[in-house]
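# Secondary and tertiary structure notes
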Amino acid sequence: MLQEHSDIIKASRRWYKKQVVWRRHLHRYPELSWAEHETTKFLRERVKSFGLKILPLKMDTGLLAEIKGNRSGPVVAVRTDIDALPVTEQTSLRFRSKTEGRMHACGHDMHMATVLGVAAILSERRSELNGTVRFIFQPAEEHPPGGAAPMIANGAVEGVSMIFALHVDPALPVGKIGLRDGVTMAAVTDFDIVVKGVSGHAARPQEAVDAIVTACDIVQTLQTVASREIDPVAPVAVTVGRIEGGTARNVITDKVIINGTARALSEDASRQLPRIVKRIARSVAKAHGARVDINIIPGYPVFKNHPEANKVLTRCYADMFGRNKIVTTPPVLGGEDFARYLQLVPGAMFRLGCRNTKIGADKPWHSSGFIVDENCLLHGTALLCAAVHDCLNGASD
Ligand code: NI
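The following refers to the structure shown. All values derive from a computational prediction rather than experimental measurement.

Right, let's get into the pattern of salt bridges. This model, assessed by the stated rule, comprises 18 salt bridges. Its salt-bridge partner being K41, residue E38 comes within 3.9 Å of it at the nearest N-O pair. Here E38 and its partner K41 are both found in helix α2 (residues 37–49), three residues apart, which amounts to about one turn of the helix. D362 is the salt-bridge partner of K363, the closest N and O atoms lying 3.0 Å from each other. Residue K363 is classed as partly exposed on the basis of its relative accessible area, which comes to 33%. Three or more residues joined by partner-sharing salt bridges are found here, namely R23, R24, D109 and E374.

Our focus in this paragraph is helix α8 (residues 307–321). End to end, α8 covers 20 Å across 15 residues, agreeing with the expected 21 Å (1.5 Å per residue, within 8%). Within the span of α8, buried status applies to A309, N310, V312, L313, T314, C316, Y317, M320 and F321.

What follows deals with the packing of α8 against helix α10 (residues 376–392). The angle between the axes and the distance between the axes are what describe a pair of packed helices. It is at 9 Å that the axes of α8 and α10 come closest, and there the two elements cross at 125 degrees. When the interaxial angle is binned, α8 and α10 end up oblique. Considering only the axes of α8 and α10, their crossing is right-handed. On the side of α8, the interface is formed by V312, L313, R315, C316, Y317, M320 and F321, while α10 contributes H379, A382, L383, A386, A387, D390 and C391. Looking at side-chain class alone, the contact of α8 with α10 contains eleven nonpolar, one polar and two charged residues.

Turning our eyes to something else, we now look at the sheet that holds strand β3 (residues 71–81). Taken together, eight strands build an open sheet; the order of strands is β1-β2-β4-β3-β5-β16-β6-β15 and the sheet is mixed. Both outer strands of the open sheet, β1 (53–54) and β15 (326–328), are each paired with one neighbouring strand and no more. In the sheet, β3 pairs with strand β5 (residues 160–173) via five bridges, with the strands oriented parallel. Across the sheet, residue V76 finds its bridge partner in β5, namely M162. The strands touched by α2 are β1, β2 (63–68) and β4 (130–138); relative to β2, the strand with the most contacts, the crossing angle is about 10 degrees. On the sheet, helix α3 (residues 108–124) packs against β2, β3, β4 and β5 and is oriented at approximately 160 degrees with respect to β3.

Moving on, we get to the environment of D169. Within the fold, D169 resides in strand β5. Note: C-alpha distance between D169 and H306 (137 residues apart in sequence) is 20 Å. Here D169 is in contact with T329, R351, L352, G353, C354, R355 and W365, once residues within four sequence places are set aside.

Counting buried positions along β2 gives five out of six residues, so the element sits mostly inside the fold. Strand direction decides the pairing type here: β1 and β2, joined by two bridges, are antiparallel. Paired with K53 across the bridge in β2 is E66. Across six bridges, the pairing between β2 and β4 is antiparallel. Pairing of A65 across the sheet is with F135, part of β4.

A word on the nonpolar core. Counting residues in hydrophobic clusters, the biggest one holds 67 residues, and the most contacted among them are L122, V133, F135, F137, F164 and F350. Once residues within four sequence positions are removed from consideration, F135 is found in contact with L52, L63, L64, A65, I67, V78, V115, V118, A119 and L122. Counting 27 residues, the second-largest nonpolar core is a separate cluster that includes L222, V238, I258 and A285.

Taken in spatial order, the four strands of this open sheet run β10-β12-β8-β13, and their pairing is antiparallel. Two strands bound the open sheet, and with one partner strand each, they are β10 (236–245) and β13 (291–298). In this sheet, neighbouring strand axes are inclined to one another by 20 degrees on average, regardless of whether the strands run parallel or antiparallel. Here strand β8 (residues 187–196) pairs with strand β12 (residues 255–264) via ten bridges, running antiparallel. Across the sheet, the residue bridging to T189 is A262, located in β12. Across the sheet, helix α5 (residues 211–222) touches β8, β10, β12 and β13, and the angle it forms with β12 is around 10 degrees. Each of β8, β10, β12 and β13 is contacted by helix α7 (residues 267–288), which is oriented at about 165 degrees to β13, the strand it contacts most.

What counts and what doesn't
- Residues numbered from 1 in each chain as written.
- Predicted model: local features only at pLDDT ≥ 70, side-chain atom pairs only at ≥ 80, totals over all residues.
- Heavy atoms only, no water.
- Salt bridge = Lys/Arg side-chain N within 4 Å of Asp/Glu carboxyl O.
- Helix = DSSP H or I, 4+ residues; strand = E, 2+ residues; numbered from the N terminus.
- Buried < 20%, exposed > 50% of the residue type's maximum accessible area, 1.4 Å probe, protein only.
- Expected span 1.5 Å × (residues − 1).
- Axes fitted to C-alpha atoms, helices over the stretch in contact; angles between N-to-C directions.
- Parallel < 35°, antiparallel > 145°, perpendicular 65-115°, else oblique.
- Left-handed = near helix turned anticlockwise from the far one by under 90°.
- Contact = heavy atoms within 4.5 Å.
- Nonpolar A, V, L, I, M, F, W, Y, C, P; charged D, E, K, R; others polar.
- Pairing = 2+ DSSP bridges.
- Core = buried A, V, L, I, M, F, W, Y, C linked by side-chain atoms within 4.5 Å.

Rendered as structure tokens:
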């Protein structure tokens, strides 16, 4: 193993306990997208204590900070998301969320603790860095159109030659990481449909236009987007996750709200989706004599990892933990606004194994029972430190 890699592992071991404390604190006090005020304060305090320079940011939450090495060189960025989800935690962890309806159920608390550890370690090793490390603490990953675009508008990736990020993965055992070149995650387009009918008495449907019946028909017909509208070799998913309407069983309602999301792994399919969703909603409503208002919310672009960044990650992880600990992850239809940075600069996000069935760390992302094996803090921290270090100090195979 390269000497600097073994030094990095030692440093990661040294910071591990601190990282667990930070992570548990963040886990206890989750904040939703665009409301990460206390989280931002916590991050700023830590980052300042490591001696990082805080960069100007015209946003209510989030943080940009830098370590300038002793010699000049490229700028390499590390990004973490910082927001939690509107989920009520149902674990028996001692440090479970203090707030009902809010939970770090996607592991962003782990991402923050990892990246804080990276900041701590690399600031200790500042004298040997040939270049700059920029830290992007990004709000609102869970809330399209997301926090990446405003971060970028604030100069987050200006001058950056490579960017890295991580995501914990409960499908991968702790100790392993997952990588994939090219398309890894889906383009996301969210949509809101408001169905407008005419209200009336439950017993006199002939005088009303039933918004519930119309909405049900729209939801059903949307199922044909994947099966009949898009080339079947291009994976897409259209899901209505929320529907709201009506006041009483004996009243025909005049309004139903449908909230859905459409995902595609190809840009071509992604471009078609809004048009098809609109056409179906309008036509089905018309068939029922109802009207619709449709709001299409452009979400995240197709997520593509750059092979040259994956090469750096592969080389570092293989050297530190063994090549047999690296797996190729399959593509998924989840979305992630790290995709926006990857449209502008080469980079990659790796999956950090956090699975451990013995402690119940095997529940899916976003579930109320989501648990991780914190030991993966060590692997994630060491890998990011090594990758940044190698990019700045010109290591290659
Ligand atoms: Ni996430």
